[in-house]
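One-letter residues, chain by chain:
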Amino acid sequence: MKYYLIAGEASGDLHASRLMQALKQQDAEAQFRFFGGDLMTAVGGERVRHYRELAYMGFVPVLLHLPTILRNMKMCKQDISQWKPDVVILIDYPGFNLKIAQYVKAHRICPVYYYISPKIWAWKEYRIKNIKRDVDELFSILPFEVAFFEQKHHYPIHYVGNPTAQEVREFLANEKLEVFDHGTKRPKVERGNEKWDKPVIALLAGSRKQEIKDNLPAMIQATAHMAESYDLVLAGAPSIEPDYYAQFLEGSAVRLVMNETYPLLSKATAALVTSGTATLETCMFRVPQVVCYETPLPQLIGFLKRHFIKVKYVSLVNLIANREVVRELVAETFSADNIRRELEAILPNGAKRQQMLSDYEEVHRLLGESKAADEAARQMINLLKHNNQ
């Protein structure tokens, strides 16, 4: 069968590439055409656009690049019409993908499947109308989404397990391991050319330039006094050029590593993490963390968060547990002093460290052991075969 996939950022590229591998294993005649990145390209098929040409975040960047976004959207619609796939598979990135879903459905080209559902439980819940109208099947990777879609909105979905949990489990299984003081498994060997002589504090400052610009300076300031006792290591995002980080790292003790996020987390004693998939990855590695996310107009955002925003938390760890497992410093609570104080509390012998590690086990249990990509591919192929009968 012919599969057309659209991923608009680095995490989508990763999850889509794993789904493509699973589809190839279960469908020997699978053909791929896609908007995506290097990982999807490595699986095979024809890449139409790299996600770097799509990934704009925030009102001003989107406005400035609106002609490019609209041009890519028009080209994507035309490309799908010409290629005539058996299914279009959308991966997150709802601002772009829901427009594509609307076009494909309106023109009756093929079924539309959504893998990694839009986070409408957090914002823009009105999009449920578009999803019900334009998406034939939705495949969720977060267990709490089942109740949201099925009970609240009466829209059946498929929970297939969590790919991040699967990816971390597979990484740890492939490493040579030893057990540290709190029971976490760690590699005995160094990875790549990096040698970390002291305990490591990992900095994960986001995957977009605006996130990095907003969060990294405070992270560096909060950890500056720890440089003699810890190696301070920043995980570079695959979509960001190393040169971009130089302006923030100059004069600091923080070192940058590229494409080494999992090896870095496997060595880390604690982490500062910008909200997103990275918070869940850090949990899966059993690394205590502080979630840091600066926002514009922090007092206003804090008020809205308390009174109007529909979810209590911004991190996936807390959303899955439905309680505060990790401390979130967002809006008016975001500051270098608060980051420093919360980080010290989760370092060895810190007051909050053992409780957080214990709470992580509940998150592991809630996510389950399913191999998300394999299960999603199996269900997708069965649905397509049934529809074609």
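Above: the structure in question.
Residues numbered from 1 in each chain as written. Predicted model: local features only at pLDDT ≥ 70, side-chain atom pairs only at ≥ 80, totals over all residues. Heavy atoms only, no water.

Asks: With reference to specific residues and values, describe the overall build of the protein chain.
Replies: Broken down by element type, the protein chain carries 17 helices and 15 strands. Burial analysis of the protein chain (389 residues in total) assigns 53% to the buried set. Relative to all contacts within the protein chain whose residues are 6 or more apart in sequence, the contacts with residues 24 or more apart total 65%. (Helix = DSSP H or I, 4+ residues; strand = E, 2+ residues; numbered from the N terminus. Buried < 20%, exposed > 50% of the residue type's maximum accessible area, 1.4 Å probe, protein only. Contact = heavy atoms within 4.5 Å.)

Asks: Describe in detail the pattern of salt bridges, supporting the description with residues and values.
Replies: In total, this model carries 18 salt bridges according to the counting rule given. The salt bridge partner of Asp-79 is Arg-33, with a shortest N-O separation of 2.6 Å. Linking Asp-79 in helix 4 (residues 66-83) with Arg-33 in strand 2 (residues 31-36), this pair joins segments that are 46 residues apart in sequence. The two residues Asp-79 and Arg-33 agree in class, both being buried. Where Arg-255 meets Asp-231, a salt bridge forms, and the shortest distance between an N and an O atom there is 3.6 Å. You can see Arg-255 sitting in strand 12 (residues 255-258) and its partner Asp-231 sitting in strand 11 (residues 231-236), a full 24 residues away along the chain. With relative accessibility at 33%, the residue Arg-255 sits in the partly exposed group. (Salt bridge = Lys/Arg side-chain N within 4 Å of Asp/Glu carboxyl O.)

Asks: Which residues make up the pairing of strand 11, and what are the values?
Replies: When you tally the buried positions in strand 11, you get six out of six residues, the bulk of the element. Of the two faces of strand 11, the one carrying Asp-231, Val-233 and Ala-235 and the one carrying Leu-232, Leu-234 and Gly-236 are both buried. Pairing analysis gives four bridges linking strand 10 (residues 200-204) to strand 11, with the strands arranged parallel. Note on strand 11: the bridge partner recorded for Ile-201 is Leu-232. Handedness of the strand 10-helix 9 (residues 209-223)-strand 11 crossover: right-handed. Inspection of the sheet shows strand 11 paired to strand 12 by four bridges, in the parallel sense. (Pairing = 2+ DSSP bridges. Right-handed = clockwise from strand over helix to strand, strands pointing away.)

Asks: Any details on the packing of aromatic side chains? Residues and values, ideally.
Replies: This structure, assessed with the given rule, holds 13 aromatic pairs. Arranged with centres 5.2 Å apart and planes meeting at 70°, the rings of Tyr-262 and Phe-285 form a pair that is edge-to-face. You can see Tyr-262 sitting in helix 11 (residues 261-267) and its partner Phe-285 sitting in the loop between helix 12 (277-284) and strand 14 (289-293), a full 23 residues away along the chain. In terms of burial, Tyr-262 and Phe-285 fall into one category: buried. One aromatic cluster in this structure is built from Phe-35, Tyr-93 and Phe-96. A cation over an aromatic ring shows up here: Lys-2 above the ring of Trp-83, its NZ or CZ 4.7 Å from the ring centre. (Phe/Tyr/Trp six-rings, centres within 6.5 Å; stacked < 30°, edge-to-face > 60°. Lys NZ or Arg CZ within 6 Å of the ring centre and 35° of its normal.)

Asks: With reference to specific residues and values, describe the sheet that holds strand 13 (residues 268-273).
Replies: What the six strands build is an open sheet, ordered 12-11-10-13-14-15; its pairing is parallel. The open sheet is flanked by strand 12 and strand 15 (327-330), the only strands paired with a single partner. Each strand of the sheet is rotated relative to its neighbour by a mean of 25°, with strand direction disregarded. Pairing of strand 13 with strand 14, which is carried by three bridges, proceeds in the parallel orientation. (Axes fitted to C-alpha atoms, helices over the stretch in contact; angles between N-to-C directions.)

Asks: How would you explain helix 5 (residues 94-106) if you had to name every residue and give the values?
Replies: Taking 1.5 Å as the rise per residue, helix 5 with 13 residues should run 18 Å; its terminal C-alpha atoms sit 17 Å apart, in good agreement. Looking only at helix 5, the buried set comprises Pro-94, Phe-96, Asn-97, Leu-98, Ile-100, Ala-101, Tyr-103 and Val-104. Remark: Arg-108 follows helix 5 within two positions and exhibits a positive phi of approximately 50°. (Expected span 1.5 Å × (residues − 1).)

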